[in-house]
Amino acid sequence: QVQLVESGGGLVQAGGSLRLSCAASGRTFSSYAMGWFRQAPGKEREFVAAISRSGGSTYYAGAVRGRFTISRDNAKNTVYLQMSSLKPEDTAVYYCAGATTGWGSRNQYDYSYWGQGTQVTVSS
């Protein structure tokens, strides 16, 4: 069982940056691939980024590639999402998720564990 707690969300102007963190409980964090998803009001939850359990492979949605960077620190049981050049369309609740597969997945149904989400609002 893994519990995930996100932090770092907030209000930022367009063009600004934020770093989200997701702290995981348990001693098996390094066994899980991790992902970030987001859900805007009235829209379905969508994939943002994922990272393999070793951190050696990363995956991004086209809308964020080149602006967002996912990383992890297995010693700290934490995964990060560095977001730069933020746009109003990035406004959403951001969720981190853990998958028992070793590789990152774009499919939310591959993820067994979810955090409660953190709000990111980008003003124009």
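Please refer to the structure higher up on the page.
Quantities reported herein were computed from a predicted structural model and do not represent experimental measurements. (Residues numbered from 1 in each chain as written. Predicted model: local features only at pLDDT ≥ 70, side-chain atom pairs only at ≥ 80, totals over all residues. Heavy atoms only, no water.)

Here the focus is the nonpolar core. By size, the foremost hydrophobic cluster in this structure holds 37 residues, and its most contacted members are Trp-36, Leu-81, Met-83 and Tyr-94. Of all the elements in the fold, those that place two or more residues in this core are strand E3 (18–24), strand E4 (33–39), strand E5 (46–51), strand E7 (68–73), strand E8 (78–83), strand E9 (92–99) and strand E11 (118–123). (Core = buried A, V, L, I, M, F, W, Y, C linked by side-chain atoms within 4.5 Å. Buried < 20%, exposed > 50% of the residue type's maximum accessible area, 1.4 Å probe, protein only. Helix = DSSP H or I, 4+ residues; strand = E, 2+ residues; numbered from the N terminus.)

So, about the side chain of Arg-72. Here Arg-72 shows up in strand E7. As a buried residue without a salt bridge, Arg-72 has its nearest oppositely charged side chain in Asp-73, at a separation of 8.3 Å. Engagement of the side chain of Arg-72 in a polar contact is seen with the backbone oxygen of Phe-29, the distance being 2.9 Å. A polar side-chain atom of Arg-72 sits 2.8 Å from the main-chain carbonyl oxygen of Tyr-32. For Arg-72, the contacting residues outside a window of four places in its chain are Phe-29, Ser-30, Tyr-32, Ala-33, Met-34, Ile-51, Ser-52, Arg-53, Gly-55, Thr-78 and Val-79. (Lys, Arg positive; Asp, Glu negative; His and termini not counted. Salt bridge = Lys/Arg side-chain N within 4 Å of Asp/Glu carboxyl O. Polar contact = N/O pair within 3.5 Å; in protein donor to acceptor, adjacent residues only side chain to side chain. Contact = heavy atoms within 4.5 Å.)

In this section: the pairing of E9. Burial analysis of E9 places 7 of its 8 residues in the buried class, the great majority of the element. Sheet topology places E4 next to E9; 7 bridges connect them, and they run antiparallel. Among the inter-strand pairings, Gly-35 is bridged to a residue of E9, identified as Ala-97. Pairing analysis gives 2 bridges linking E9 to strand E10 (residues 113–114), with the strands arranged antiparallel. Residue Ala-97 lies in a different strand from E10, and its bridge partner there is Trp-114. (Pairing = 2+ DSSP bridges.)

Next up on the list: the sheet that holds E3. Taking strand neighbours across the sheet as the criterion, the 4 strands line up as E1-E3-E8-E7 in an open arrangement whose pairing is antiparallel. Each end of this open sheet is capped by a strand with a single partner; those strands are strand E1 (4–7) and E7. Averaged over all pairs of adjacent strands, the angle between their axes in this sheet comes to 15 degrees, without regard to strand direction. By the bridge criterion, 6 bridges tie E3 to E8 in an arrangement that is antiparallel. For Leu-20, the partnering residue across the bridge sits in E8 and is Leu-81. (Axes fitted to C-alpha atoms, helices over the stretch in contact; angles between N-to-C directions.)

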